[in-house]
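Each chain, written out:
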Amino acid sequence: MANCSDCGNCAACSNCAIGELILSSGEIAMLEKLGQIPFLPVARKIDSLEPVYLEDGELSKEEYSLILSCLEKRGLITLDFDKPLAGFDDAAYEAYPIRGSFALTNRGQKVLELMEIQGLDA
């Protein structure tokens, strides 16, 4: 699935009631990264709810924003804008006054474990 809003029902996402979780390659990569590093930085502007992640240059800022938003709406990660990372050099986030962190939820951890146990269908 290239865009988690394809069905227009993202807020109550059940993956279109098909009984399986379909993740984009970017979402899978982010879950795997969180499996290695449990907390990652996130930021946003005061007048926007759009999450900003600047740590990897593989995708654009907009693509990472969509990935984080989709993972959060699916209950796989939590975005905590009131919990910044202690000791983190946040110079790259200078333009974003609201800084926090994100991590896997219990559901996200279970999905990651299933991916590791069962492998991924290509």
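Conventions used here
- Residues numbered from 1 in each chain as written.
- Predicted model: local features only at pLDDT ≥ 70, side-chain atom pairs only at ≥ 80, totals over all residues.
- Heavy atoms only, no water.
- Helix = DSSP H or I, 4+ residues; strand = E, 2+ residues; numbered from the N terminus.
- Buried < 20%, exposed > 50% of the residue type's maximum accessible area, 1.4 Å probe, protein only.
- Contact = heavy atoms within 4.5 Å.
- Areas by Shrake-Rupley, 256 points an atom, 1.4 Å probe, with all protein chains shown as cover.
- Salt bridge = Lys/Arg side-chain N within 4 Å of Asp/Glu carboxyl O.
- Pairing = 2+ DSSP bridges.
- Axes fitted to C-alpha atoms, helices over the stretch in contact; angles between N-to-C directions.
- Core = buried A, V, L, I, M, F, W, Y, C linked by side-chain atoms within 4.5 Å.

Each helix and strand counted, the chain has three helices and three strands in total. Buried residues in the chain amount to 35% of all 122 residues. Counting only contacts in the chain whose residues sit at least 6 apart along the sequence, the fraction spanning at least 24 positions is 67%. Just so you have it, the chain exposes about 7300 Å², and 50% of that area is on carbon and sulfur atoms.

Summarising the element assignment, Val42 is placed in strand β1 (residues 40–44). If we ignore the near neighbours within four places in the chain, the residues touching Val42 are Pro51, Val52, Leu68, Leu79, Phe81, Ile98, Arg99, Gly100, Ser101 and Phe102.

With that out of the way, let us pick up the pattern of salt bridges. Going through the model one piece at a time under the given rule, you end up with three salt bridges. Across the pair Asp90 and Arg99 runs a salt bridge whose closest N-O atoms are separated by 2.9 Å. Judged by relative accessible area, which is 27%, Arg99 ranks as partly exposed.

This part takes up the sheet that holds strand β2 (residues 77–80). Taken together, the three strands give an open sheet; going across it, the order is β1-β3-β2, and neighbouring strands pair in antiparallel fashion. A strand with exactly one partner marks an edge of an open sheet, and here the two such strands are β1 and β2. Averaged over all neighbouring strand pairs, the angle between strand axes comes to 30°, with direction disregarded. Pairing analysis gives four bridges linking β2 to strand β3 (residues 98–104), with the strands arranged antiparallel. Residue Thr78 lies in a different strand from β3, and its bridge partner there is Ala103. Sheet contacts for helix α1 (residues 25–36): β1, β2 and β3; angle to β3, the most-contacted strand, approximately 90°.

Across soluble globular proteins, nonpolar side chains have a tendency to be buried as a group. With 24 residues, the main nonpolar core has Met30, Leu31, Ile77 and Phe102 as its most contacted residues. Mapped by element, the contributors of at least two residues to this core are α1, β1, α2 (61–73), β2, β3 and α3 (106–118). With sequence-adjacent residues up to four places away left out, Ile77 is seen in contact with Leu31, Leu34, Leu68, Leu71, Glu72, Phe102, Ala103, Leu104 and Thr105.

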